[in-house]
Amino acid sequence: MLPSKKCTVKVGEKEIIVETGHLARNASAAVTISCEDTVILVTVGVGKEPREGIDFFPLLVDFDEKLFCVGRVPGSFLRREGRPTDKAILSARLIDRPIRPLFPDGYHNDVQVTTSILSSDSVNPPDVLALLGSSFALIMSEAPFLGPIGAVRVGRVDGEFVVNPTFENIEKGDLDIVVAGTADSIMMVEAGAKFVSEEDIVAALKYAQEYISIQIEAQHKFVKELEINKEEFVFDTDLDPLIKFIDKNYEKPVIKAYKIADRLEREKAVKVIKDKMEDDMAELADDHPIAVLLDESGVKYHHAVFKALEKRIMRSMIINDDIRVDGRALDEIRPIDCSVGILPRTHGTGLFTRGNTQVLSITTLGGPGEAQELDGVDPQKKREYIHHYTFPAFSVGEVKPNRGPGRREVGHGYLAEKALTPSLPPKDQFPYTIRVNSEVLESNGSTSMASTCGSTLALMDAGVPISQPIAGVAMGLIKENETVKILTDIQGIEDFLGDMDFKVAGSDKGITALQMDIKILGISIDIIEKALTAAKSGRLHILGKMLEAIPEPRKALSKWAPRIVTLKIDPDTIGTVIGPGGKTIRGIIEETGATIDIENDGTVNITCVDAEGSNKAIAIIKKLTRKLEKGLVLQGKVVRIISKLGAFVEVAPGVEGMVHISQLVPYRVHSVNDVVSIGEEVIVKVDEIDEKGRVNLTIKGLTPEEKDKFLEEEYC
């Protein structure tokens, strides 16, 4: 059990306080990390022994947010939190990505990192704080973590960088970038931007690294004060005989297979070699050193060694010969095909195919009331643009049940959503809720960027007036000692066996989203700068291909899409439209088939596929909210009659005016009943509103021209 200890790290104008030895003392390590009134508990659990037969590193990262941290009771029926929110899943991925590469090869014990928000001030984002706290906890735990790492968020407001910005700063700014790394290299980047240049991204990375260095120095000092001395992990299983056996028997066939450009044919060839390896292993004598190794360890080390052989061959082709497995040049993008409008009843569709990666994106437009209501810790309470990404098993030729979106699907969908959001029209110009579904039909690398491209096509096909078309490209890296090769438009095997997956999305005006993960112990900013330059060239090439399919958003929406008409009413009349207990507005919806959304400032959005229903709803709301004044012509229903005095006409719910018997017709009548009857619809004009608010109406004083004009405006 570690002693109680506190550490303070100043990052910009804020102090981050890390404490240990007080909470969760049975964990392998536990810290609380706080910034102002946001407090997070980070714990690390470490398995004592590897699970039997396991041949991979089982790291589990959870981000736990419960609404008590913001003083709220969950709104669910059970009054308790259910599955993690998308934001919690994204935060867990943010932590997982930079720490996973920092565990030594051969370490197979279970490691669980759990971050729990204990208090949130809804000012300071908790995700980066949790990432930094995870590094603190891991270097204190018994896990052989090769850190520490630092983590900072950088925003830009009014042209100035802000370190660890608040939610408000992020909303106002044009850049939100999270950077994690060691003292001299970058491990992970996640960014959203509003058309920011490559040069500004590099400047933000350099700015972030200054604060990362401060955080790492503080962690080294903290560990020293705690007098933590870890045992270095040593993988003591001798795999040399197995490596030599596999290299001798299968290296040449694998080299031959890796010269097959077609992916499916190459995979078939490699599978034949793997199957032969399995047969050869099964035929080894029981006392053969390799058979003894595999039997005693219970781990199928030959799979990992064969993968290492594939990795070495693929990387050697690129490093030594500048040859990729599919025959492309290092900066060459696979053939691209784009099409739009391929589904008859959807509001907009885009099919984006790049090599063996194919994504179908579908845009659906809905009314403002269909926006997703969020019940999380962050201040954001509504999601008006929703991007859902689906990765079915058939896209990679596999068979498995569909159990809903996993962490990867949530992450890829959010990346595409982040890339497209800066290009969407303002709500006051286009008040629709927009949902895009990206269905991966075929996968061989970078489906998230294909989803971004396909979604741009679908939005433009739907007639959404985006400001800029957005394209995306995934960059890769092969690094051997000082030799560095950057790859444009990586395919699956280059992601799987390479050192970096670097996705960049944007328009010709700048970057809107960026995500970088690596599998080695960090890369320099100079390498990132070169990758950004190559990505820009690739992005513009892809964008040109997309614009050949559809050069600009369609001028009109699909006939199947709902139409939204926006009215402005006096906020004081909102209650009139809604009615007691919502009775009035429900009645309008039932009568017209329209969906009606009313905002506090008096903005009324009427959504309806049927123009007749929309017009009817408009007329009813106008009638309910019109301000009565002298000379106003309107229609009402006769609700009471006093035969010798006049008729009372309801011109709005609860509002009546009287037509005096002398104002009914141009001639003298003996009884009101001779002219009108109860329930009759009549067109009247406001003649006078007296000092007591009583409304006097006239039918006689209504000219034929006034009546015709009213009928034209009301029903045409």
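This text goes with the structure placed above it.
A brief structural summary. Predicted model only: the values in this text are computed from it and were never measured. (Residues numbered from 1 in each chain as written. Predicted model: local features only at pLDDT ≥ 70, side-chain atom pairs only at ≥ 80, totals over all residues. Heavy atoms only, no water.)

Attention now moves to the overall build of the chain. For the chain, the helix and strand inventory stands at 16 helices and 29 strands. C-alpha extents for the chain along the principal axes are approximately 120 × 60 × 50 Å. Evaluated residue by residue, the chain yields a buried proportion of 52% over its 716 residues. Taking the contacts inside the chain whose residues are at least 6 apart along the sequence as the reference set, 69% of them involve residues at least 24 apart. Approximately 34300 Å² of the chain is accessible, and the part contributed by carbon and sulfur atoms is 50%. (Helix = DSSP H or I, 4+ residues; strand = E, 2+ residues; numbered from the N terminus. Buried < 20%, exposed > 50% of the residue type's maximum accessible area, 1.4 Å probe, protein only. Contact = heavy atoms within 4.5 Å. Areas by Shrake-Rupley, 256 points an atom, 1.4 Å probe, with all protein chains shown as cover.)

Before going further, it helps to examine the nonpolar core. Counting residues in hydrophobic clusters, the biggest one holds 131 residues, and the most contacted among them are Ile99, Ile177, Ile434 and Phe502. Top element by residues in this core is helix H4 (residues 198-226). It accounts for 13 residues. If we ignore the near neighbours within four places in the chain, the residues touching Ile434 are Thr363, Thr364, Leu365, Glu384, Tyr385, Ile386, Leu424, Leu459 and Val464. Residues Phe245, Ile290, Val305 and Leu497 belong to the second largest nonpolar core, which totals 35 residues. (Core = buried A, V, L, I, M, F, W, Y, C linked by side-chain atoms within 4.5 Å.)

What follows deals with the sheet that holds strand E23 (residues 595-598). Read from one edge to the other, the open sheet built from three strands follows the order E22-E24-E23, with strand pairing classed as antiparallel. Of all strands in the sheet, those bounded by a partner on one side alone are strand E22 (563-568) and E23. In this sheet, adjacent strand axes meet at a mean angle of 20° when their direction is disregarded. Here six bridges tie E22 to strand E24 (residues 603-608), and the two strands are oriented antiparallel to one another. Counted as the bridge partner of Leu567 is Val604 from E24. (Pairing = 2+ DSSP bridges. Axes fitted to C-alpha atoms, helices over the stretch in contact; angles between N-to-C directions.)

Any two aromatic rings considered together are summarised by their centre-to-centre distance and by the angle between their planes. Across all of its chains, the model carries twelve aromatic pairs by this definition. Measuring from centroid to centroid gives 5.9 Å for Phe235 and Tyr301, while their planes differ by 70°, and the two rings are edge-to-face. Pair noted here: Phe235 is in the loop between H4 and helix H5 (240-257) and Tyr301 is in helix H8 (residues 301-321), with a separation of 66 residues, a long-range link. Since its relative accessible area comes to 9%, Tyr301 is described here as buried. An angle of 40° between the planes, with centres 4.7 Å apart, marks the rings of Phe430 and Tyr432 as tilted. Taken together, Phe57, Phe103, Tyr107, Phe145 and Phe233 form an aromatic cluster joined through their ring pairs. The ring centre of Phe648 lies 4.0 Å from the NZ or CZ of Arg640, which sits over that ring. (Phe/Tyr/Trp six-rings, centres within 6.5 Å; stacked < 30°, edge-to-face > 60°. Lys NZ or Arg CZ within 6 Å of the ring centre and 35° of its normal.)

A separate point is the environment of Asp375. Within the secondary structure, Asp375 is located in the loop between strand E14 (372-373) and strand E15 (382-383). In this structure the C-alpha to C-alpha distance between Asp375 and Thr346, which are 29 residues apart in sequence, comes to 30 Å. Separated by 2.9 Å, the side chains of Asp375 and Arg72 make a polar contact. (Polar contact = N/O pair within 3.5 Å; in protein donor to acceptor, adjacent residues only side chain to side chain.)

Our focus in this paragraph is the pattern of salt bridges. As a working rule, side chains carrying opposite charge can pair if their charged atoms are close by. The final tally for this structure, using the stated rule, is 44 salt bridges. Across the pair Glu494 and Arg328 runs a salt bridge whose closest N-O atoms are separated by 4.0 Å. Remark: Arg328 occurs in the loop between H8 and strand E11 (336-340) and Glu494 occurs in helix H11 (residues 492-497); sequence separation between them is 166 residues. Taken as a pair, Glu494 and Arg328 share a single burial class, namely buried. (Salt bridge = Lys/Arg side-chain N within 4 Å of Asp/Glu carboxyl O.)

Taken together, the side chains of Leu23, Phe68 and Leu118 make up a nonpolar region of the molecular surface, amounting to roughly 260 Å² of accessible area. Along the chain, Leu23 turns up in the loop between strand E2 (14-20) and strand E3 (29-35). For Leu23, a relative accessible area of 36% corresponds to the partly exposed category. (Patch = residues over 30% accessible without salt bridge, like charges linked within 9 Å, V, L, I, M, F, W, Y side chains within 5 Å.)

Turning to the sheet that holds strand E4 (residues 38-46), a few remarks are in order. Strand order in the open sheet made by the six strands is E1-E2-E3-E4-E6-E5, with mixed pairing throughout. Because the sheet does not close on itself, it has two edges, and the strands there are strand E1 (5-11) and strand E5 (59-65). Each strand of the sheet is rotated relative to its neighbour by a mean of 20°, with strand direction disregarded. The sheet contact formed by E1 and E2 spans seven bridges and is antiparallel.

We now examine helix H1 (residues 86-99). Between its first and last C-alpha atoms H1 spans 21 Å; for 14 residues at 1.5 Å apiece the expected length is 20 Å, and the two agree. With twelve of 14 residues buried, H1 lies mostly within the body of the structure. Three or more residues of H1 are buried, namely Ala88, Ile89, Leu90, Ser91, Ala92, Arg93, Leu94, Ile95, Asp96, Arg97, Pro98 and Ile99. (Expected span 1.5 Å × (residues − 1).)

On to a negative patch on the surface, then. Together, Asp286, Asp287, Asp295 and Glu296 make up a region of like negative charge exposed at the surface. Structurally, Glu296 can be placed in helix H7 (residues 289-297). On the basis of relative accessible area, Glu296 is assigned to the exposed category, the value being 66%. (Lys, Arg positive; Asp, Glu negative; His and termini not counted. Charge placed at Lys NZ, Arg CZ, Asp CG, Glu CD.)

Moving on: the packing of helix H6 (residues 263-282) against H8. Contact pair H6 / H8: the axes reach a minimum separation of 12 Å and the direction vectors enclose 145°. Two packed elements cross with a definite hand, and for H6 against H8 that hand is right-handed. Here Val270, Ile273, Lys274, Met277, Glu278 and Met281 of H6 lie close against H8, whose contacting residues are His302, His303, Phe306 and Glu310. (Left-handed = near helix turned anticlockwise from the far one by under 90°.)

Take unusual backbone geometry next. Between Gly147 and Pro148 the backbone carries a cis peptide bond, its omega angle lying at 10°. Tracing the sequence through the fold places Pro148 in the loop between helix H2 (126-140) and strand E7 (150-157). With a phi close to 55°, Ser122 is a non-glycine residue in the positive phi region. Residue position: Ser122 is located in the loop between strand E6 (111-119) and H2. One non-glycine residue, Asn164, adopts positive backbone phi at about 45°. With respect to the helices, strands and loops of the structure, Asn164 is situated in the loop between strand E8 (160-163) and helix H3 (167-172). Residue classification places Asn164 among the buried positions, given a relative accessible area of 16%.

None of this, on its own, says anything about what the molecule does.
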